[in-house]
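Descriptive analysis of the structure
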Amino acid sequence: MNECIFCKIVSGEMDATIVYKDEQVTAFRDIHPVAPTHILVVPNRHLASTNEVTEQDEQLLGHMLAVVKPIAEQEGIAESGYRLIINTGPDANQVVYHLHLHIIGGQHMRHPMG
Ligand code: DGP
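Note that the structure is a prediction, hence the values are computed from the model and not measured.

Cut-off values and rules
Residues numbered from 1 in each chain as written. Predicted model: local features only at pLDDT ≥ 70, side-chain atom pairs only at ≥ 80, totals over all residues. Heavy atoms only, no water. Helix = DSSP H or I, 4+ residues; strand = E, 2+ residues; numbered from the N terminus. Buried < 20%, exposed > 50% of the residue type's maximum accessible area, 1.4 Å probe, protein only. Contact = heavy atoms within 4.5 Å. Core = buried A, V, L, I, M, F, W, Y, C linked by side-chain atoms within 4.5 Å. Polar contact = N/O pair within 3.5 Å; in protein donor to acceptor, adjacent residues only side chain to side chain. Phe/Tyr/Trp six-rings, centres within 6.5 Å; stacked < 30°, edge-to-face > 60°.

1. Some thoughts on the environment of Ser 49
Note on placement: Ser 49 falls in the loop between β3 (37-43) and α2 (58-66). According to the relative accessible area criterion, Ser 49 is buried, its value standing at 6%. Each C-alpha atom, one on Ser 49 and one on Ile 31, is 19 Å from the other, the two residues being 18 residues apart in sequence. Those residues in contact with Ser 49 that lie beyond four places of it in its chain are Thr 88, Gln 94 and Leu 99.

This is the structure:
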């Protein structure tokens, strides 16, 4: 049985506020937002982290980035700006081992990179 929470959000087994979905990716609001806009883009197919990505996944990874602009426009942060973050492994504080791209925007962004 698949215990991955992001797989459950993708399949609809677990609730989330979904802001975008297509055949390859799902985007939903982070449950612990660090800024006014905080969205996670995940591949619908389970990949634990960038450490599992291979050349076979190039199209999928490109698609994860290609959906950012329409989502940012929908959220009204395309012009004001946003940060994209992927955490991989313990030193990066990866908590959920299903690859996800954070879209963080709006004022009051908290991030060690300033
Ligand atoms: P990371 O540290 O990169 O693995 O970030 C995981 C993010 O996932 C964290 O910001 C909180 C979010 N998150 C964890 N569990 C859930 C959940 O059940 N629902 C939603 N919407 N977000 C979650």
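2. Structural notes on the nonpolar core
If you look at the biggest cluster of nonpolar residues, it comprises 16 residues, and the most contacted ones within it are Val 25, Ala 27, Ile 39, Val 41, Met 64, Ile 71 and Ile 103. Of all the secondary-structure elements, those providing two or more residues to this core are β2 (25-29), β3, α2, α3 (68-75) and β5 (101-105). Beyond its immediate sequence surroundings of up to four residues, Ala 27 is in contact with Thr 17, Ile 18, Val 19, Tyr 20, Ile 39, Leu 40, Val 41 and Ile 71. Listed in part, the nine residues of the second largest apolar core include Phe 6, Cys 7, Val 10 and Val 42.

3. As for the side chain of Asp 30
Topologically, Asp 30 is positioned in the loop between β2 and β3. The exposure class assigned to Asp 30 is buried, which follows from its relative accessible area of 15%. Looking at Asp 30, its side chain comes within polar contact range of the main-chain nitrogen of His 32, at 2.7 Å. Here Asp 30 is in contact with His 38, Ile 39, Leu 40 and His 102, once residues within four sequence places are set aside.

4. Section: the side chain of Gln 94
Note on placement: Gln 94 falls in the loop between β4 (82-85) and β5. Judged by relative accessible area, Gln 94 falls into the buried class, the value being 8%. One polar contact links the side chain of Gln 94 to the main-chain amide nitrogen of Gly 89, over a distance of 2.9 Å.

5. Overview of the packing of aromatic side chains
This structure, assessed with the given rule, holds one aromatic pair. Judged by centre distance (5.2 Å) and plane angle (75°), the ring pair of Phe 6 and Phe 28 falls under edge-to-face. Of this pair, Phe 6 sits in helix α1 (residues 5-11) while Phe 28 sits in strand β2, and the two are 22 residues apart along the sequence. A relative accessible area of 6% means that Phe 6 is categorised as buried.

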